[in-house]
Amino acid sequence: MKEVKSQCDVSTCYLCSHCSNDWAMAIASHKKNYEVKKGQQIFSEGEPVTRIYFVYSGKIKTHKRWDAEKELIIRFAQPGDILGHMGLGNEPIYPVTTTALENSVICSVDLDFFESSLNVNPRLTYSLMKLFANELQESEKRMRNLVHMPVKERIALALLNLKKQFGVTEEGFIAIELSRQDLSSFAAVAYETLFKVMNEFQQSNLILTNGKNIKLLNEPELRTMTTDKILP
């Protein structure tokens, strides 16, 4: 990553927006901004936690090794989101890897300053507590779906979740470009299975693809496939 001059307005990122106005000057003096190129990692699974990161622009994937050859995408981060918080604890180790999906800008503070921010900003502490609770609930839902949902339903659910999080472009495509490998990692299915199911969805006029762009043509039918499954 390349450190760059501050591009942050010290008001809109996760840290700034949950701290008191009096703390803004302290944040400004401790934060660092970095440019992250597409495909570049911010931190890797197993590394000691030294900094907490916040997305200023771009999109980031958070992923974890499923086995020696497969990975599972846990979530996607976009402007305003926090990264690295899952590594907080008695043994501060990053449990996941984060990689930029497009050229991005992030800001970060060292771990000691972030913990100091938690100590003097109750709103930040409360927000982080709710974030942990929400992520735990989503993780439990996802593990249930991995056990009980057939692959077609998992892929349909993944597409619906992407549209819910990122919205659509003016042309109606989901506003994030993902490789088929990343999409299969997010849906937790084999690449070959994803390829086959996506072709079936296209032939059934459920979706339209244009390179890495995906448009949902029949969202009600996709939702019907995931009946009784709770969308994250």
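In the block above lies the structure referred to throughout.
Throughout what follows, the structure given in this document is the object of discussion. (Residues numbered from 1 in each chain as written. Predicted model: local features only at pLDDT ≥ 70, side-chain atom pairs only at ≥ 80, totals over all residues. Heavy atoms only, no water.)

Attention now goes to the sheet that holds strand E7 (residues 82–83). Read across the sheet, five strands follow the order E1-E2-E9-E4-E7 without closing on themselves; strand pairing throughout is antiparallel. Edge positions in the sheet fall to strand E1 (2–4) and E7, since each of these pairs with one other strand and no more. In terms of strand pairing, strand E4 (residues 51–57) meets E7 through two bridges, oriented antiparallel. Across the sheet, residue Tyr-53 finds its bridge partner in E7, namely Leu-83. (Pairing = 2+ DSSP bridges. Helix = DSSP H or I, 4+ residues; strand = E, 2+ residues; numbered from the N terminus.)

This next bit is on the pairing of strand E10 (residues 207–210). Where E10 meets strand E11 (residues 213–216), four bridges bridge the pair, whose relative direction is antiparallel. Its bridge partner lying in E11, Ile-207 is registered against Leu-216. Connecting the antiparallel pair E10 and E11 is a turn made up of two residues, with Gly-211 showing a positive phi of about 65°.

For E4, a buried count of five out of seven residues is recorded, marking the element as mostly surrounded by other parts of the structure. As paired strands, E4 and strand E9 (residues 104–110) are joined by six bridges and run antiparallel to one another. If you follow Arg-51 over to E9, its bridge partner there is Asp-110. (Buried < 20%, exposed > 50% of the residue type's maximum accessible area, 1.4 Å probe, protein only.)

In this section: the environment of Val-151. One can find Val-151 in helix H5 (residues 151–166). Residue classification places Val-151 among the partly exposed positions, given a relative accessible area of 31%. Taking C-alpha positions, Val-151 is 30 Å from Ile-82, a pair spaced 69 residues apart along the chain.

With that settled, consider the sheet that holds strand E6 (residues 71–77). Pairing in this open sheet of four strands is antiparallel, and the strands run E3-E8-E5-E6 from one edge to the other. The sheet is open, and its two edges are formed by strand E3 (41–43) and E6, each paired on a single side. Sheet twist, expressed as the average angle between the axes of neighbouring strands with direction ignored, equals 30°. In this sheet, E6 lies alongside strand E5 (residues 60–65) in antiparallel orientation, the contact comprising six bridges. By the bridge assignment for E6, His-63 is matched with Ile-73. Packing against the sheet, helix H6 (residues 180–187) makes contact with E5 and E6, and its axis sits at approximately 95° to E6. (Axes fitted to C-alpha atoms, helices over the stretch in contact; angles between N-to-C directions. Contact = heavy atoms within 4.5 Å.)

Further remarks concern the pattern of salt bridges. Tallying each qualifying case throughout the model produces nine salt bridges. A salt bridge links Lys-64 to Glu-45, with the nearest nitrogen and oxygen atoms 3.2 Å apart. On the criterion of sequence distance, the pair formed by Lys-64 in strand E5 and Glu-45 in the loop between E3 and E4 is long-range, its members being 19 residues apart. Linking Glu-138 and Lys-141 is a salt bridge whose minimum nitrogen-to-oxygen distance equals 3.6 Å. Residue Glu-138 and its partner Lys-141 are located together in helix H4 (residues 122–148), separated by three residues, close to a single helical turn. What makes Lys-141 partly exposed here is its relative accessible area of 21%. (Salt bridge = Lys/Arg side-chain N within 4 Å of Asp/Glu carboxyl O.)

This brings us to the environment of Ala-190. The topology assignment puts Ala-190 in the loop between H6 and helix H7 (191–203). Take Ala-190: its relative accessible area is 31%, and that puts it in the partly exposed class. The sequence separation of Ala-190 and Gly-87 amounts to 103 residues, and the corresponding C-alpha distance is 28 Å.

This part is about the nonpolar core. Leu-15, Ile-42, Phe-54, Ile-82, Leu-83 and Phe-114 are the most contacted members of the largest nonpolar core, which has 34 residues in total. Ignoring anything within four residues of it in the chain, the contact list for Phe-54 reads Cys-13, Tyr-14, Leu-15, Asp-81, Ile-82, Val-105, Ile-106, Cys-107, Ser-108, Val-109 and Phe-114. Counting residues in hydrophobic clusters, the runner-up holds 27 residues, among them Leu-160, Val-197, Met-198 and Phe-201. (Core = buried A, V, L, I, M, F, W, Y, C linked by side-chain atoms within 4.5 Å.)

Attention shifts here to the environment of Lys-37. Residue placement: Lys-37 occurs in the loop between strand E2 (32–36) and E3. Taking the C-alpha atoms as reference, Lys-37 lies 4.5 Å from Asn-103; in sequence the two are 66 residues apart. Here Lys-37 is in contact with Ala-100, Glu-102 and Asn-103, once residues within four sequence places are set aside.

Let us now look at the layout of surface pockets. Considering only enclosed or pocket space, the largest pocket measures out at about 1300 Å³ in volume. Along the walls of the largest pocket sit 47 residues, with Ile-74, Arg-75, Glu-135, Glu-138 and Ser-139 positioned nearest its centre. For the lining of the largest pocket, the secondary structure elements donating two or more residues are E5, E6, E7, H4, H5 and H6. Broken down by element, the residue count for the lining of the largest pocket peaks at 13 residues, all from H4. Grouping the constituent residues of the lining of the largest pocket by class yields 25 nonpolar, twelve polar and ten charged. Within this model, the second largest pocket holds a volume of roughly 260 Å³. In this structure, the second largest pocket is lined by 14 residues; those nearest its centre are Lys-70, Glu-71, Ala-188, Val-189 and Ala-190. Listing elements by their share of the lining of the second largest pocket, those giving two or more residues are E6 and H6. The leading source of residues in the lining of the second largest pocket is H6, at three residues. (1 Å grid on protein atoms, 1.4 Å probe; cavity = no way out; pocket = protein on both sides within 12 Å on 5 of 7 lines; lining within 4 Å. Points joined across faces, edges and corners; volume = space filled by probe spheres on them. Nonpolar A, V, L, I, M, F, W, Y, C, P; charged D, E, K, R; others polar.)

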